[in-house]
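Coordinate inspection notes
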Amino acid sequence: MTIQQLNYVITISEKGSLNKAAEVLYVTQPSLTSAVRELEKELGITLFNRGGKGVTLTNDGAEFIQYARQVVNQYDRLLEKYGKGGNLRKKFGISCQHYSFAVKSFVEMVKHFDTDEYEFAIRESKTRDVIEDVTTGKSEVGILYLSDFNRKAIGKFLKSSQLEFHPLIKCEPYVYLWKGHPLAKQKSIQLEELRDYPCLSFEQGPSGAFYFAEEILSTYDYIRTIKATDRATMLNLMVGLNGYTLCSGIICEELNGSDYVAVAFEDKEEEVAAGRMEIGYIVKQNMILSQMAEMYIAELEKYLQSIKNEN
């Protein structure tokens, strides 16, 4: 088994076609087919289902690809850290829940690099997708939060995926709404005061359990709720419908604009007391972090420290 063979099968799985993969890899299709068959023979499993419309991963192949990505990603990290360089285009990606500060830190990290030599990606996504992206190596770093409510469930999920959580900051819950909202000028807001306004939350998909919600009080029986998939839509709903969401209170005005405020959320609900958010990043266990990952985490810590100092 070689790194080249692993790169071959990863590319085939991404393209869904031997022809397209061969074009990207600059090899002939017979050579590519031969390399895959040799690998399947060595492993004793079938990686791909071949059909007239292309190729798809078998169950064994889907499991193998996850490990193959990890090996190739780690190999690239080793080359980056100890190799003599070369013309390899370095890749770096992060996946995160919908946090503007995570995007801000990403922007600051990218400024340090020549984008002609690197391929960057940032994905604001569902909680489960954040974990899945880091597990499969699609992203090197993931950003999410834990609380007393979800810590056990998500912690178990992280452990089974061989991921580790590194805390960055602890924060109390806030109500996030636009400046024209009737409650925007209050020093604090209680749950009862919000009952006449729609609660906004990020959609987690059909497989999204309460534990994967990005907001606290995910099990509360709200009178009106509206789900969104991106921050821009949520901000529009705040203005158009006087909606609100429960968040960490860490808002980057540079990205979200200055028309919104975060008001302290105070309530006697037990889940609110258990809803203190601990935001952190996840990476693979025993992983050699790339230069980009180390710099991104440093930018996160720098920005969040500035928030602490302001408060």
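Reading the values: the criteria
Residues numbered from 1 in each chain as written. Predicted model: local features only at pLDDT ≥ 70, side-chain atom pairs only at ≥ 80, totals over all residues. Heavy atoms only, no water. Helix = DSSP H or I, 4+ residues; strand = E, 2+ residues; numbered from the N terminus. Buried < 20%, exposed > 50% of the residue type's maximum accessible area, 1.4 Å probe, protein only. Contact = heavy atoms within 4.5 Å. Areas by Shrake-Rupley, 256 points an atom, 1.4 Å probe, with all protein chains shown as cover. Lys, Arg positive; Asp, Glu negative; His and termini not counted. Charge placed at Lys NZ, Arg CZ, Asp CG, Glu CD. Polar contact = N/O pair within 3.5 Å; in protein donor to acceptor, adjacent residues only side chain to side chain. pLDDT = per-residue confidence, 0-100. Core = buried A, V, L, I, M, F, W, Y, C linked by side-chain atoms within 4.5 Å. Pairing = 2+ DSSP bridges. Axes fitted to C-alpha atoms, helices over the stretch in contact; angles between N-to-C directions. Salt bridge = Lys/Arg side-chain N within 4 Å of Asp/Glu carboxyl O. Parallel < 35°, antiparallel > 145°, perpendicular 65-115°, else oblique. Left-handed = near helix turned anticlockwise from the far one by under 90°. Nonpolar A, V, L, I, M, F, W, Y, C, P; charged D, E, K, R; others polar.

For the protein chain, an unreviewed UniProt entry supplies the name LysR family transcriptional regulator and the organism Aristaeella hokkaidonensis.

As for the overall build of the protein chain
The helix and strand inventory of the protein chain stands at 11 helices and 13 strands. Overall, the protein chain is about 70 × 40 × 35 Å in size when its C-alpha atoms are taken along their principal axes. Out of the 311 residues in the protein chain, the part that is buried amounts to 46%. Within the protein chain, contacts between residues separated by at least 24 positions form 78% of all contacts whose residues are at least 6 apart in sequence. For the protein chain, the exposed surface amounts to about 16,600 Å²; the carbon and sulfur share of it is 47%. Treating the 36 positive side-chain charges of the protein chain as one cloud and the 43 negative ones as another, the clouds have centres 3 Å apart.

Observations concerning the side chain of Ser 95
Relative to the assigned elements, Ser 95 resides in strand S3 (residues 90-96). A relative accessible area of 0% places Ser 95 in the buried class. Among the polar contacts listed, one links the side chain of Ser 95 to the side chain of Ser 139, at a separation of 2.7 Å.

Here's the deal with the confidence of the model for the protein chain
Taken over all residues, the pLDDT of the protein chain has a mean of 86, while the share at 70 or more is 93%. Confidence, expressed as mean pLDDT per element, reaches its minimum in the protein chain at helix H10 (residues 270-273) with 53 and its maximum at strand S5 (residues 141-146) with 95.

Re the nonpolar core
By size, the foremost hydrophobic cluster in this structure holds 49 residues, and its most contacted members are Phe 92, Ile 143 and Tyr 296. Broken down by element, this core gets its largest block of residues, eight residues, from helix H11 (residues 291-310). Non-local contacts of Phe 92, meaning those with residues more than four positions away in its chain, are made with Phe 106, Met 109, Glu 119, Phe 120, Ala 121, Glu 140, Val 141, Ser 290, Met 292, Ala 293 and Tyr 296.

With respect to helix H6 (residues 127-136)
H6 sits mainly inside the fold: seven of its 10 residues count as buried. All buried positions along H6 are accounted for by Thr 127, Val 130, Ile 131, Asp 133, Val 134, Thr 135 and Thr 136.

Let's talk about the sheet that holds S5
The mixed open sheet is built from five strands, whose spatial order is S4-S3-S5-S13-S6. The open sheet has two edge strands, strand S4 (118-124) and strand S6 (163-171), and neither has a second partner. Taken over all neighbouring pairs, the strand axes of this sheet differ in orientation by 20° on average, direction set aside. Relative to S5, S3 is paired through three bridges, and the arrangement is parallel. By the bridge assignment for S5, Ile 94 is matched with Val 141.

Describing the pattern of salt bridges
Under the definition given, this model contains eight salt bridges. Ionic pairing is found between Glu 124 and Arg 231, a salt bridge with its closest N-O pair at 2.8 Å. Here Glu 124, found in strand S4, pairs with Arg 231, found in helix H8 (residues 231-241); they are 107 residues apart in sequence, far enough to count as distant. As a salt-bridge pair, Glu 192 and Arg 195 come within 3.8 Å of each other at their nearest N and O atoms. Overall, the relative accessible area of 40% leaves Arg 195 in the partly exposed class. The structure contains a network of salt bridges with shared partners spanning Lys 104, Glu 108, Lys 111 and Glu 254.

Overview of the side chain of Ser 201
When you line up the elements, Ser 201 lands in strand S9 (residues 199-202). A distance of 3.3 Å separates polar atoms of two side chains, one belonging to Ser 201 and the other to Lys 227. Not counting chain neighbours up to four residues away, the residues in contact with Ser 201 comprise Glu 215, Ile 226, Lys 227, Ala 228 and Met 234.

So, the packing of H6 against helix H7 (residues 151-160)
Relative to each other, H6 and H7 sit at 25°, their axes nearing to 10 Å. When the axis of H6 is compared with that of H7, the two are roughly parallel. Read as a crossing pair, H6 and H7 show a hand that is right-handed. Along the contact surface, H6 presents Thr 127, Arg 128 and Ile 131, while H7 presents Ile 154, Phe 157 and Leu 158. In the contact of H6 with H7, the residues fall into four nonpolar, one polar and one charged.

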